[in-house]
Amino acid sequence: MLTRRAFLHLSLGALPAALAASSPPPAAGRKVYRIGAILPGASPPGEVLRQGALLAADEGRRTAELIGSRFELLLAAADEPAGAVAAARGQIRDGVLALIGGWDAATRKALGALAAESRRVFLVLGPQELGEAPAATTFSVASGPGLRRRALQRTAGGPGVRCVDWDPGLERFGAAQLNQRFEARYHRPMAAPAWTAWMAVKIAAELTLRNAAARPEDLAGRLAGMRFDGHKGSALSFDPGRHLIQPVYVVGRKPGSRTDEVLAEVSPEDVGGEE
Amino acid sequence: MRRLGLAAVAALVLAAPALPGEAAPLAYVSNEWAGTVTLLDTASDKVVGSFPAGGRPRGIQVSPDGRRVYVAVSDPSPIARSAVDAIVAFDPKARRVVARYEAGTDPEAFAVSRDGKKLYISNEDAGTASITRVDRGQVTASLAVGIEPEGVAISPDGRWVYVTAETSSTVSVIDTRTSQVVASFLVDLRPRAVAFSPDGKRAYVTSEIGGTIAVVDVNGHRVIDTLPLPRSKPVGVVVSPDGRRIYVANGHGNTVSVVDTAKKKVLATIPVGKRPWGIAITPDGHKVYTANGLSGDVSVIDTAKNRVTATLKTGAGAWGIAIRR
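Residues numbered from 1 in each chain as written. Chains lettered and ligands numbered in written order. Predicted model: local features only at pLDDT ≥ 70, side-chain atom pairs only at ≥ 80, totals over all residues.

### Structural notes on the overall build of chain B
Next, step 1: Looking only at helices and strands, one finds 1 helix and 28 strands in chain B.
Next, step 2: Taken over the C-alpha trace, chain B has a radius of gyration of 18 Å; the compact-globule value for 325 residues is 20 Å, and the two agree within 12%.
Next, step 3: Viewed in the frame of its principal axes, chain B has a C-alpha envelope of about 50 × 45 × 35 Å.
Next, step 4: Across the 325 residues of chain B, 58% fall into the buried class.
Next, step 5: Sequence-distant contacts, at least 24 apart, represent 44% of the contacts inside chain B between residues at least 6 apart. (Helix = DSSP H or I, 4+ residues; strand = E, 2+ residues; numbered from the N terminus. Rg over C-alpha atoms; globule rule 2.2 N^0.38 Å. Buried ≥ 20, exposed ≤ 12 C-beta atoms within 10 Å, placed from the backbone. Contact = placed C-beta atoms within 7 Å.)

### Comments concerning the overall build of chain A
Next, step 1: Per the secondary structure count, chain A includes 8 helices and 12 strands.
Next, step 2: Expressed as a percentage of contacts within chain A between residues at least 6 apart in sequence, the contacts between residues at least 24 apart total 63%.

### What to know about unusual backbone geometry
Residues and elements named next belong to chain B.
Next, step 1: A positive phi is found at His 221, a non-glycine position, where the angle reads about 50°.
Next, step 2: Its 17 C-beta neighbours within 10 Å are what place His 221 among the partly exposed residues.
Next, step 3: Of note in the backbone geometry, Asn 254 takes a positive phi value of approximately 60° without being a glycine.
Next, step 4: Looking at the element boundaries, Asn 254 is found in the loop between strand 21 (245-249) and strand 22 (255-260).

### A few points about the interface of chain B and chain A
Next, step 1: The interface is formed by 24 residues belonging to chain B together with 20 residues belonging to chain A.
Next, step 2: Sorting the residues of the side of chain B that touches chain A by element identifies strand 11 (138-144), strand 14 (170-175) and strand 15 (180-186) of chain B as the ones contributing at least two each.
Next, step 3: The residue makeup of the side of chain B that touches chain A, split by class, is 11 nonpolar, 10 polar and 3 charged. (Nonpolar A, V, L, I, M, F, W, Y, C, P; charged D, E, K, R; others polar.)

### Observations regarding the confidence of the model for chain A
Low pLDDT means the predicted atomic positions in that stretch should not be read closely.
Next, step 1: Confidence in the prediction of chain A, expressed as mean pLDDT, is 86, and 87% of residues score 70 or more.
Next, step 2: Taken together, the stretch residues 1-26 of chain A has pLDDT below 50 and engages in 42 contacts with residues farther than four places along the chain or on a different chain. (pLDDT = per-residue confidence, 0-100.)

### Section: the environment of Leu 111 of chain A
All names here are of chain A.
Next, step 1: Looking at the secondary structure, you find Leu 111 in helix 4 (residues 105-118).
Next, step 2: Along the backbone, Leu 111 and Val 124 are 13 residues apart, and their C-alpha atoms lie at a distance of 9.3 Å.
Next, step 3: Each residue touching Leu 111, except ones within four places of it in the same chain, is listed here: Ile 38, Ala 84, Val 85, Ala 88, Leu 99, Gly 101, Gly 102 and Phe 122.

### Considerations on helix 4 of chain A
Residues and elements named next belong to chain A.
Next, step 1: Over its 14 residues, helix 4 extends 20 Å from the first C-alpha to the last, a length consistent with the 20 Å expected when each residue adds 1.5 Å.
Next, step 2: For helix 4, every residue scored as buried is listed here: Thr 107, Arg 108, Ala 110, Leu 111, Gly 112, Leu 114 and Ala 115.
Next, step 3: A positive phi of about 60° marks Arg 119, the residue just after helix 4. (Expected span 1.5 Å × (residues − 1).)

### Some thoughts on the nonpolar core
Next, step 1: Membership of the largest hydrophobic core comes to 176 residues, with the highest contact counts inside it found for Ala 53 of chain A together with Ile 87 of chain B.
Next, step 2: Every residue in contact with Ala 53 of chain A, bar those within four places of it in the chain, is listed here: Ala 37, Leu 39, Leu 73, Leu 75, Ala 197, Trp 198 and Val 201 of chain A. (Core = buried A, V, L, I, M, F, W, Y, C linked by C-beta atoms within 7 Å.)

### Quick notes on the environment of Lys 117 of chain B
Next, step 1: The residue Lys 117 of chain B is located in the loop between strand 8 (107-112) and strand 9 (118-123) in this model.
Next, step 2: The residues touching Lys 117 of chain B, leaving out its near neighbours within four places in the chain, are Arg 133, Val 134 and Asp 135 of chain B.

### Examining the sheet that holds strand 25 (residues 287-292) of chain B
Residue and element names in this part refer to chain B.
Next, step 1: Read from one edge of the open sheet, 4 strands run 24-25-26-27, paired in antiparallel fashion. Looking at strand neighbours, the two that pair on one side only are strand 24 (276-281) and strand 27 (307-313), the edges of this open sheet. Taking the axes of each pair of neighbouring strands and ignoring which way they run, one obtains an average angle of 25° across the sheet.
Next, step 2: Where strand 25 lies against strand 26 (residues 297-302), 6 bridges are found, and the strand directions are antiparallel. Of the residues in strand 26, the one forming a bridge with Val 288 is Ile 301. (Pairing = 2+ DSSP bridges. Axes fitted to C-alpha atoms, helices over the stretch in contact; angles between N-to-C directions.)

### As for helix 7 (residues 192-209) of chain A
Next, step 1: Compared with an ideal rise of 1.5 Å per residue, which puts 18 residues at 26 Å, helix 7 of chain A spans 25 Å between its outermost C-alpha atoms and is within 8% of the ideal.
Next, step 2: Burial runs high along helix 7 of chain A: 18 of the 18 residues are buried.

### A word on the pairing of strand 2 (residues 36-41) of chain B
The two faces of the sheet receive side chains in turn, since in a regular strand these alternate between them.
All names here are of chain B.
Next, step 1: Buried residues dominate strand 2, accounting for 5 of its 6 residues.
Next, step 2: Pairing between strand 1 (residues 26-31) and strand 2: 6 bridges, direction antiparallel. Looking at strand 2, one finds that Leu 26 is bridged to Asp 41.
Next, step 3: Turn length for the strand 1-strand 2 hairpin, with the two strands adjacent in sequence and antiparallel, is 4 residues, and the turn residue Gly 35 shows positive phi of about 70°.

### Examining the packing of helix 3 (residues 81-93) of chain A against helix 4 of chain A
All names here are of chain A.
Next, step 1: Between helix 3 and helix 4, the shortest axis-to-axis distance is 9 Å and the interhelical angle comes to 30°. Comparing their axes, helix 4 and helix 3 come out roughly parallel. Helix 3 and helix 4 meet at a crossing whose hand is right-handed. The segment helix 3 lies against helix 4, with Pro 81, Ala 84, Val 85, Ala 88 and Ile 92 engaging Ala 106, Thr 107, Ala 110, Leu 111, Leu 114 and Ser 118. (Parallel < 35°, antiparallel > 145°, perpendicular 65-115°, else oblique. Left-handed = near helix turned anticlockwise from the far one by under 90°.)

Below you can see the structure in the form of structure tokens.
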């Protein structure tokens, strides 16, 4: 069921006054790049996903304004596949160029089918499971199951050790700055789902802003050849299976420690690729 | 949090030997973890002094008349704001710090106007560029630029200031006549530094994650070419005085790339110290110096031979380097 639908037009008024005062005024007739995100409403990760998406949407809006465009995020909440599909159909009617969502497998499948039918890029947030067959225009922003499994196999660890795509304790490669921006805005650490949502919206923003003349149905082809900066120290891109190739982090507790920390950073090349 | 008042800073007099002859300029190296600035004699390639800058010194520039060395100092905690944030002015003749200027939060890199009256500063955490008037010692304008601004450079004619921004992968253009951002454009991923050609017609922007250099037509403020630098992490960049070569510090690649600007091809890749960041060239173009953060030293490159001829220990976290041009 569709629980909530909100239109986010991140206007100049959302900026701190000191910045807004010295920014160039938004010009009429700017080209608008609009994307849609359908996130869980009642499910636990919903709020964290939404916060990551909103941070990236604000950054995408600022970047678009700098280069004379507008970037907008249409945000909807749905907790089961039928509601997500209904929300996504509405967003497509509103002119979105790409869709983001699919935290659970059933919603991934339903939205993937709709995206393929409407020839829209679909950026998946939820970690896919072994054996999932994504639709033609579906791209997984979360790391693939093979990489996560092999990262855990090569790292010694005890109970509670897990593999994640992001950790709020990361500092290198601009990670500290991203973690700080998120925490300053939401007063909570940037957990892995927040990073995945932030990355998905960032990818959608760069995809649309850097391919201004492309038709929506051409964007999937463009996306396959692009690279992105996820504050992980290397350029991230999609492999032929349409998983984002990226370093992952094994997190757990060292002997005698009471807090979790990053035990190892594992790059796909360290373990022979994604699958 | 450390506070460094003007009086205290002014008392930090160099314990260094006499200045060398005027024939060869000094090179000034900021050491971000040591909190110091090291002076090198580019004639002898020897360390001739150092002084404490306070906090975390990174960006470093020499005024056009050579009478001041400016150092961007921020709080040693990477993401903390504090009263330490400032541009410190050092008198190289008297060998002491003579002033501190407002610089906005977390100042990192900056450029000095051609008349020496203004500083254009990137404020990484605020997403702004500050303009500080030296005679007032105060920030007189704060301009919205890209997200996580870093590299700053001013065109040879003094008209344009380019400010890179790491997260938005943009370059914003400030018109120095109006102190307004008049254009912005996208470049490759995580742009770090920018340098203008001596004739002012081209600017070169390094992109660390993209592994490329963008060639910018300054007249139109637009990218006209993007040169790949294989197996590189380009950060600092400097153009030779004749405009024929670009020298790129490759950060975590631990090398310097030498690029022919006419042929747009890499002529040489020179191994240097660990994590070269800042890079500078002597006015005669004969030597290039890199500040190597992880090895805490400076590599000296003979540009005729394209090889390192000396390595000078400076301080922990060598970051920026400036030579009066």
